[in-house]
Amino acid sequence: VMGEVNNPGSYPCDGGTTVLKMIALANGFSGKASRGGVRIVRIVDDKKTVYKDIDLDTTLVYDNDVIVVPESFF
């Protein structure tokens, strides 16, 4: 989990871990976070794929996913 979270870093996840749970493990959003701009970077078939417009409550996280929380500019 990287970007605008309080404790960016690597966290363990299991098969039922959602994006929101991973952000909670990183101690939540920082004050500058763009909650609507969260993305997942995932390697699929040796290609980097970026998932945007994800539902934080239902989107599952897989091993080696990178969750990116960008800064809000407003």
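Keep in mind that this is a model prediction, so the values were computed, not measured. (Residues numbered from 1 in each chain as written. Predicted model: local features only at pLDDT ≥ 70, side-chain atom pairs only at ≥ 80, totals over all residues. Heavy atoms only, no water.)

Here we look at the overall build of the protein
To be explicit about the condition: Per the convention used, a helix needs a DSSP run of H or I reaching at least four residues, while a strand needs a run of E reaching at least two, with both numbered from the N terminus. Computation of the radius of gyration draws on C-alpha atoms, with the globule rule given as 2.2 Å multiplied by the number of residues to the power 0.38. Between two residues, a contact is recorded if the distance between any of their heavy atoms is within 4.5 Å. For the accessible areas, the method is Shrake-Rupley and the probe is 1.4 Å, while residue cover comes only from the protein chains on display. Just so you know, the count uses Lys and Arg for positive and Asp and Glu for negative, and it drops His and the chain ends. Here the site of a charge means NZ on Lys, CZ on Arg, CG on Asp, or CD on Glu.
The secondary structure content of the protein amounts to one helix and four strands. Listing every helix and strand of the protein by position from the N terminus yields β-α-β-β-β. Taken over the C-alpha trace, the protein has a radius of gyration of 12 Å; the compact-globule value for 74 residues is 11 Å, and the two agree within 12%. By principal-axis analysis of the C-alpha atoms, the protein measures approximately 35 × 20 × 20 Å. In the protein, the share of contacts with a sequence separation of at least 24, taken over all contacts with a separation of at least 6, comes to 57%. In the form shown here, the protein has an accessible surface area of approximately 4,900 Å², with 50% of it arising from carbon and sulfur atoms. Mean positive and mean negative side-chain charge positions of the protein (8 and 10 charges, respectively) differ by 5 Å.

Here's the deal with the side chain of T17
Quick note on the threshold: For every residue, the accessible area obtained with a 1.4 Å probe (protein chains only) is divided by the maximum for its type, and the residue is called buried under 20%, exposed over 50%, and partly exposed between those limits. The definition of a polar contact used here is a pair of N or O atoms within 3.5 Å, where within protein one atom must be able to donate a hydrogen and the other to accept one, and adjacent residues in sequence count solely through side-chain atom pairs.
Along the chain, T17 falls in the loop between strand 1 (2–3) and helix 1 (19–25). Residue classification places T17 among the buried residues on the basis of a relative accessible area of 2%. Side-chain polar atoms of T17 contact the side chain of D14, separated by 2.9 Å. With sequence-adjacent residues up to four places away left out, T17 is seen in contact with M22, T59, L60 and V61.

Section: the pairing of strand 2 (residues 39–44)
The side chains of a regular strand alternate, first on one face of the sheet and then on the other. Defined as follows: Two strands qualify as a pair provided that DSSP identifies no fewer than 2 bridges between them.
In the sheet, strand 2 pairs with strand 4 (residues 66–69) via three bridges, with the strands oriented antiparallel. Opposite R39, over in strand 4, you have V68 as the bridge partner. As paired strands, strand 2 and strand 3 (residues 47–51) are joined by five bridges and run antiparallel to one another. Along strand 3, the bridge assignment pairs I43 with K48. Counted along the chain from strand 2 to the antiparallel partner strand 3, the turn is two residues long, and its residue D45 has a positive phi close to 50°.

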